Amino acid sequence: MPRRLRAALAAAAVLVGALCHLVLQAGMMRSWPGWNLSYFRNYYWGDQLAYLSIATNVAEGESWTAEPYTITGANYYPRAWYVLLGYAARLTSTSTATMWTVGGLAAQVVLVCAIGVTCVLLTRRWWTGVLGFVPMLLGTGAWMLSSGTSWMTLLESHAVLWGPFAVLFTLNGETVALSLGTSALLLLLLVAAGRVPRRLVWPAVVVACVVVGLLANIQTYSFLVVTYVLATGTAAVGLVRARAVRAGIVTAGLVVVVLLAGPLVADVAGQLAVVVFGMLPTVPGLLLVGRATRWRAVWGLVALAVAASPQVLATAGGLVQDDPFLVYREASSTDLGVPLGTGLFAALGVLPALAVITVAGIRRRRVLWAALPPALALLWAYLASNDHWGANQEPYRFWLDSLVVISALTLPLLAWVVSDAFSREPDRLGPADRPTAVPVGAGRTESLATADAAAVHRPADDVPVDDPADDRADEDRRAGAGVGVAAGDDGLASHDDDAASRVPGPDTSPWSGRSRALVGVATGASLVVAGVWSYDFTLFRTTVTEWGYVPLTAEPYQAQVDLASQTDGGLVLPDGCVNPMIFKSTWGGPVAFYNLGLAWPDHKDDLDVAIAARTEGGLDEEAALRAGIRWLLVDPGCEIDLTEGTDAVLVDRATYAGGGAWELWRLGD
C-alpha cells in the first residue's frame, strides 16, 4: 500500500476515534430538551461553578488574581485555563459556559488523537488509530460492588473511585491538564521508542516538558501526577536499560526513607514539601538517564521548571508569608485515603494488561515494555497512599488521576506488544534499547546491551504504518549511509566496541508460535476483564443523562443579572433561595460568597456571619457592612427574610415567566 495512502487512512482512523469519544462522552447532551452549548452539566457542579466564576470575572473585565466571588483577597489556585476561557469568551462575545464546554472537549480530543497517533506509530498499523477513545471507557468494577446499581465506589468522607469517563466529564481544569499532560507523556514515549525523527528528538523532549510544567498553572494534582509519572517512568527506563542493580537497591532504600521520614518532613516543612520529597527515589534512575544522554536530558528538566515557576513561586511565597488559606488548605485533607483492597480491585481493569506488557518485555528484553508497566503500577499505589508517608493530599484524587494517565499509556504499549508478536518480523530497536556503557573499574567500561549496525533503530522521517517490510529498502539505504550505526552519535547513549564484554540485549529474533499464542490468550483475557469492569460506563451514561443540565442562560437567572447590574459598588448577598454559585457564574460582579477550598476573601470572619444568615436568619447588618456587603438579592417568597430587622431599602423588583420574582435591596442607607 502506498505510504501516503496509509498515512491518510491513519489520519482518518484517528479522527474516527475522536468522533467516537465525542459521541460516547458528550452525545447524551443532544438528547436533553433545549440543550445548547451555554448550558452547564448538572454533574457535581458546586466546585465547577466556582472555577467558572474565575472565567466570568475575566470575561467581564474583573480581576483574576483575587478570590473569585468577592473579588477581594488573594487567589493562589492554579487558574491559567479559566483565565484563558474568560479571554476567549470576551473575544468571541460568547458565554464562559460555552467556552467551558468547547474548550474542555477540545482538550480531550487532543488526548484521544494523541493516543491514536501513538498506537499507529508504535504498531505501524493504520487502523489502530481508531483506538484512541477506548481508555476513556475503562471502569473500576463498581457495579459489582453495588449489585449493578452504581458506577462509583464511595469511600470515607467525599472520596470516590470511578473510571476516567467520570473524571473527564466535568470538563474542568483538571481534565484539561490531564489531557494535555498525558499527550506530552505519549510524545516522550514515542521519543524513547525511536518513532520521532532524530532532528526532532530534543525539540520534542523540551516541548513535552514545557507542557508538563505548564500544568502547574492549570491544576495542582494533575501536574503532580503527570510529573511523578514522567520522573518515575524515566527513572525506571534508566535502571532497566543499564541493568543497574546497585542503583536499583539504592532506589528501593530511598523509598523506605520516604515512607519513614515523610511524616517527620511534614512536621518540619509542611505537607506540600513532602510531595517534592516523595520524588527522591527517582534520583538514581534519572542520573543514569542523564549520563546516557550526555546530560542533554537536563534541558527537559529546566524547561519543566521554568514553565511551572509562576504558580510554584506564587504558592511558595504565600506559604512563606503564612497565608491563612494556604495553611488551611495544606492541612485540610482528612479521611480521603484509598483502602488497599478497594484500590486494588478497582485497578483490575488495567493491571492485567500491564502484566502482559511486563512479561513480554522481560522475555523479549525490551526496556520500555519491562520498565514502564511495573513502575506505573507501583507509582499508582505509592501516590494513592500518600496519607501514609506524610503528604496527605487527597490520596483518592491521585488514584483517579493516575488511572487516567496510566490507562492512556497502557493501550498503546499493549497494542505495540501484540503487533510485534504477530508481525512477520520483530520491531526495530529504539533509543531505550540501544547499547550503553557504564564504568566497572578504572579505565574500563562494560556494555549492557547488544545491537549491531543493522539492528539499531534508525528514526524514520515520516510515519510508516501497516507492513514494515514495505520500508526495508529505505532502511537498508540508511544503514549503508551509516545512519544510527553508533548509538552514541545522537547523544542518546554511549557506545562501546568491546563486544566481548556485552551481555544479552533485546531479542530481535522472530516470536515463537508458543509465545504468540500466549500473548494472544493473555491479551484476550485482560481485555475481557477490562470489559467486565467497564460496565460502569453504561450505568454512568444512563445516570448523567437523567441528571441533565443547569440552564445558566434561562430567564430566571438572567433576571438576577439585570437587577445586579444596577449596583454601583459593594458585595451583593443572595438570600437562601438564590443560588450564589449560579448567580456568580452568570454575573461578573462581586458576590458575598466564597468556596472554602478555593480561596479566601478579605474580612472572612464577618462574611461568614453574613453568609450564615442565609440559612439561619437574623442578618447582622454591622458585620455585613464590615464585610463590604451593600446589596441584598432576595426571593420575596423565601422562608428566611434577610431584610427583616435591617435598614435595607427596596431598589427594584424583576419578574420572570411563571410568576416568580426577585428583589434588589440596598443595605446601609
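Going by the structure above, here's the rest.
Below you will find a few notes about this structure.

**Here's the deal with the pattern of salt bridges**
Scanning all chains against the criterion turns up seven salt bridges. Taking the shortest distance from any N to any O, the salt bridge between Glu-174 and Arg-397 comes out at 3.4 Å. Linking Glu-174 in helix α7 (residues 173–192) with Arg-397 in helix α18 (residues 395–422), this pair joins segments that are 223 residues apart in sequence. We note that Glu-174, like Arg-397, is buried. Its salt-bridge partner being Asp-433, residue Arg-366 comes within 3.1 Å of it at the nearest N-O pair.

**Things to note about the environment of Gly-570**
Along the polypeptide, Gly-570 turns up in the loop between α22 (555–564) and β7 (571–574). For the pair Gly-570 and Gly-628, spaced 58 residues apart in sequence, the C-alpha separation works out to 5.6 Å. Residue contacts for Gly-570: discarding those within four places in its chain leaves Pro-590, Gly-628, Arg-630 and Trp-631.

**Thoughts on the pairing of β7**
On β7, burial covers both faces: Leu-571 and Leu-573 on one face and Val-572 and Pro-574 on the other are all buried. Here four bridges tie β7 to strand β8 (residues 629–634), and the two strands are oriented parallel to one another. Looking at β8, one finds that Val-572 is bridged to Trp-631.

**Let's talk about the state of the cysteines**
Applying the stated criterion across every chain, the model contains one disulfide. Two residues share a disulfide in this structure: Cys-577 and Cys-638, whose sulfurs sit 2.1 Å from each other. Between Cys-577 and Cys-638, the S-S dihedral sits near 85 degrees, and the bridge is therefore right-handed. Here Cys-577 is found in the loop between β7 and α23 (580–586), whereas its partner Cys-638 is found in the loop between β8 and β9 (649–656), with 61 residues between them in sequence.

**Details of the pairing of β9**
Relative to strand β10 (residues 660–666), β9 runs antiparallel, the two sharing seven bridges. Looking at β10, one finds that Leu-650 is bridged to Trp-665. The hairpin formed by β9 and β10 contains three residues between the paired strands, and Gly-658 there has a positive phi angle of roughly 100 degrees.

**Some points on the environment of Val-298**
With respect to the helices, strands and loops of the structure, Val-298 is situated in helix α13 (residues 297–320). C-alpha separation for the pair Val-298 and Leu-287, spaced 11 residues apart in sequence, amounts to 9.9 Å.

**Topic: a nonpolar patch on the surface**
Residues Val-283, Leu-287, Trp-295, Val-298, Leu-301, Val-302 and Val-306 make up a contiguous nonpolar surface patch of about 640 Å² in total accessible area. Elements with a minimum of two residues in the nonpolar patch: α12 (283–292) and α13. Looking at which element gives the most residues to the nonpolar patch, the answer is α13, with four residues. As for its placement among the helices and strands, Val-302 is situated in helix α13.

**Considerations on the sheet that holds β9**
Judged by pairing direction, the sheet is mixed, and its four strands sit side by side in the order β7-β8-β10-β9 without closing on themselves. Only two strands of the sheet have a single partner each, and these edge strands are β7 and β9. Strand-to-strand twist across the sheet, computed as the mean angle between neighbouring axes with direction ignored, equals 25 degrees. Bridge count for β8 against β10 is four bridges, and the pairing is antiparallel. The residue bridging Leu-632 from the neighbouring strand is Trp-665, located in β10. α22 rests against β8, β9 and β10 of the sheet, and its axis sits at about 155 degrees to β9. In the packing of helix α24 (residues 604–616) onto the sheet, the strands contacted are β7 and β8, and the crossing angle to β7 comes to about 30 degrees.

**As for α7**
Here α7 is 20 residues long and its end C-alpha atoms lie 28 Å apart, about the 28 Å a rise of 1.5 Å per residue gives. Extensive coverage of α7 is indicated by the burial of 17 of its 20 residues. Looking at where α7 begins, the residue whose side-chain oxygen comes 3.1 Å from the main-chain nitrogen of Glu-174 is Asn-172.

**Some thoughts on the nonpolar core**
Ranked by size, the top nonpolar core spans 186 residues in total, and within it Trp-399, Ile-629 and Leu-632 carry the most contacts. Looking at this core, the element that brings in the most residues is α18, giving 16 residues. If sequence neighbours within four positions are ignored, Trp-399 has contacts with Thr-140, Leu-161, Trp-162, Val-338, Gly-343, Ala-346, Ala-347, Trp-380 and Ala-384. Leu-239, Ala-242, Ala-244 and Leu-288 belong to the second largest nonpolar core, which has five residues in total.

**What to know about the packing of helix α2 (residues 45–59) against helix α4 (residues 96–123)**
For any two helices packed against each other, one specifies the crossing angle of their axes together with the interaxial distance. Relative orientation of the contacting elements α2 and α4 amounts to 115 degrees, with a least axis distance of 9 Å. Here the hand of the crossing between α2 and α4 comes out right-handed. Within the contact between the two elements, α2 uses Gln-48, Tyr-51, Leu-52, Ala-55, Thr-56 and Ala-59 and α4 uses Thr-96, Ala-97 and Trp-100. Of the residues that constitute the contact of α2 with α4, the class distribution is six nonpolar, three polar and no charged.

**Overview of the packing of helix α9 (residues 220–242) against helix α17 (residues 367–384)**
Direction vectors running N to C along α9 and α17 enclose 140 degrees, while the axes themselves pass 8 Å from each other. It follows that α9 is oblique to α17 by the angle criterion. Of the two elements, α9 crosses α17, and the hand of that crossing is right-handed. Here Val-225, Tyr-228, Val-229, Thr-232, Gly-233, Ala-236, Val-237, Val-240 and Arg-241 of α9 come into contact with α17, specifically with Val-367, Leu-368, Ala-370, Ala-371, Leu-372, Ala-375, Leu-376, Leu-379, Tyr-382 and Leu-383. Among the residues making up the contact of α9 with α17, the classes are represented as 16 nonpolar, two polar and one charged.

Criteria and thresholds
- Residues numbered from 1 in each chain as written.
- Predicted model: local features only at pLDDT ≥ 70, side-chain atom pairs only at ≥ 80, totals over all residues.
- Heavy atoms only, no water.
- Salt bridge = Lys/Arg side-chain N within 4 Å of Asp/Glu carboxyl O.
- Helix = DSSP H or I, 4+ residues; strand = E, 2+ residues; numbered from the N terminus.
- Buried < 20%, exposed > 50% of the residue type's maximum accessible area, 1.4 Å probe, protein only.
- Contact = heavy atoms within 4.5 Å.
- Pairing = 2+ DSSP bridges.
- Disulfide = S-S within 2.5 Å.
- Patch = residues over 30% accessible without salt bridge, like charges linked within 9 Å, V, L, I, M, F, W, Y side chains within 5 Å.
- Areas by Shrake-Rupley, 256 points an atom, 1.4 Å probe, with all protein chains shown as cover.
- Axes fitted to C-alpha atoms, helices over the stretch in contact; angles between N-to-C directions.
- Expected span 1.5 Å × (residues − 1).
- Polar contact = N/O pair within 3.5 Å; in protein donor to acceptor, adjacent residues only side chain to side chain.
- Core = buried A, V, L, I, M, F, W, Y, C linked by side-chain atoms within 4.5 Å.
- Left-handed = near helix turned anticlockwise from the far one by under 90°.
- Nonpolar A, V, L, I, M, F, W, Y, C, P; charged D, E, K, R; others polar.
- Parallel < 35°, antiparallel > 145°, perpendicular 65-115°, else oblique.

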